[in-house]
Amino acid sequence: MKRKKILFVCTGNTCRSPMAEALLRDIIKKNKIKWWDVASCGVYAEVGGTISPNSKAVLKEVGITVDKFAPRQLTQKLIAASTLVVCMTENQKQMLEDCGNVQCVKDICGYDIPDPYGCDIQAYRITREALAKACRLIVDNYILQYKGE
């Protein structure tokens, strides 16, 4: 069976999309889902950078470590290799609408994920919880739907 892939997209690939990737990967692993994979990238990625310290810290609070994460630039090849592309905001989705199966978090759970970059740790916790809810909906509405395909 060919593995399917979800690609999360945000601006710099240092805050939101790496958190979404780590959260969904954790759910996939805990539920022994082997037919899906997850990745992330940024529209204007900080290639050569790292995940933001606050993103790393709030993931660690829920038992997820992301020591090896490196930001990646969005490419057409990454989009083409993905079953579902999930942008953090409607504006990002509009930028990519002609690229294939692109949705935004708002399509999935009714709200955009604002960029916490430069905010305090509490803003990152709020972002993490909003992304965790979106990831649970993605599992229920997408991943489990494609189990046998």
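Cut-off values and rules
Within each chain, residues carry numbers counting from 1 in the order of the written sequence. pLDDT decides what is reported in this predicted model: residues at 70 or higher carry local features, side-chain atom pairs at 80 or more are listed and counted, and totals for whole chains, interfaces and linings draw on all residues regardless. Heavy atoms throughout the structure, all of them, feed into the side-chain values; hydrogens and water do not. Summary of the burial criterion: residues with accessible area below 20% of their type's maximum are buried, those above 50% are exposed, and those between are partly exposed, where the area comes from a 1.4 Å probe applied to protein chains only. Under the DSSP-based scheme used, a helix requires at least four consecutive residues in state H or I and a strand at least two consecutive residues in state E, with every element numbered from the N terminus. Strand pairing requires that DSSP identify at least two bridges connecting the strands. To obtain each axis, a line is fitted to C-alpha atoms, and for helices this fit is confined to the stretch in contact; angles are then taken between N-to-C directions over 0 to 180 degrees. Residue contacts are defined here by distance: any two heavy atoms, one from each residue, within 4.5 Å place the two residues in contact. The cut-offs work like this: below 35 degrees is roughly parallel, past 145 is roughly antiparallel, 65 to 115 is roughly perpendicular, and the gaps in between are oblique. In this scheme the crossing of two helices becomes right-handed for a clockwise turn of the near helix relative to the far one and left-handed for an anticlockwise turn of less than a right angle. Polar here means any residue other than Ala, Val, Leu, Ile, Met, Phe, Trp, Tyr, Cys and Pro, which are nonpolar, and Asp, Glu, Lys and Arg, which are charged; Gly is therefore polar. Cavities and pockets were defined on a 1 Å grid built over protein atoms only: a cavity is a set of grid points that admits a 1.4 Å probe from which the probe cannot escape, a pocket is an open set flanked by protein on both sides within 12 Å along at least five of seven lines, and lining residues are those with an atom within 4 Å of any such point. Grid points are joined across faces, edges and corners, and a volume is the space filled by probe spheres set on the points. Side-chain atoms within 4.5 Å link the members of a nonpolar core, which is a set of buried Ala, Val, Leu, Ile, Met, Phe, Trp, Tyr and Cys residues.

A. Representation of the pairing of strand S2 (residues 36-42). Of all 7 residues in S2, 6 are buried, a share of seventy percent or more. Sheet analysis places strand S1 (residues 4-10) next to S2, joined by 7 bridges and oriented parallel. Looking at the pairing, Lys4 lines up with Trp36 of S2.

B. Representation of the sheet that holds S1 in the model. In space, the 4 strands of this open sheet follow the order S2-S1-S3-S4, with parallel pairing throughout. Each having just a single partner strand, S2 and strand S4 (102-104) make up the two edges of the open sheet. Across this sheet, the average inter-strand angle for adjacent strands is 25 degrees, counted without regard to direction. Note: strand S3 (residues 84-87) against S4, 3 bridges, orientation parallel. Along S4, the bridge assignment pairs Val86 with Gln103. Contacts from helix H1 (residues 16-30) reach S1 and S2 within the one sheet, and its direction differs from that of S2 by about 170 degrees. Those strands touched by helix H6 (residues 121-143) are S1, S2, S3 and S4, and its axis lies near 145 degrees from that of S1.

C. Inspection of the packing of H1 against helix H2 (residues 53-61) at higher detail. Put simply, H1 and H2 touch, their axes get as near as 10 Å, and they point 20 degrees apart. As far as their axial angle goes, H2 and H1 are roughly parallel. Two packed elements cross with a definite hand, and for H1 against H2 that hand is right-handed. Contacts between H1 and H2 involve Met19, Ala22 and Leu23 from the first element and Ser55, Val58 and Leu59 from the second. Per-class residue counts for the contact of H1 with H2 are 5 nonpolar, 1 polar and no charged.

D. View of the layout of surface pockets. The volume enclosed by the largest pocket comes to roughly 370 Å³. Contributing to the lining of the largest pocket are 15 residues, with Ala22, Arg25, Ile64, Thr65 and Val66 lying nearest its centre. Residues of the lining of the largest pocket, tallied by class, amount to 7 nonpolar, 2 polar and 6 charged.

E. Geometry of the packing of H1 against H6. One way to put it is that H1 packs onto H6 with a least axis distance of 9 Å and a crossing angle of 50 degrees. Classified by the interaxial angle, the pair formed by H1 and H6 is oblique. In the crossing of H1 with H6, the sense of the turn from one axis to the other is right-handed. Here Arg16, Met19, Ala20, Leu23, Leu24, Ile27 and Ile28 of H1 lie close against H6, whose contacting residues are Tyr124, Thr127, Arg128, Leu131, Ala132, Cys135, Arg136, Ile138, Val139 and Ile143.

F. Geometry of the nonpolar core. Core analysis: the biggest nonpolar cluster contains 38 residues, and Ile6, Phe8, Leu24, Ile138 and Ile143 have the highest contact counts within it. Mapped by element, the contributors of at least two residues to this core are S1, H1, S2, H2, S3, helix H5 (105-109) and H6. At 10 residues, the largest contribution of residues to this core is made by H6. Setting aside its immediate chain neighbours within four residues, Ile138 contacts Ile6, Phe8, Leu24, Val86, Ile108 and Ile143. Core analysis: the second largest hydrophobic core is formed by 13 residues, Val43, Leu78, Ile79 and Cys104 among them.

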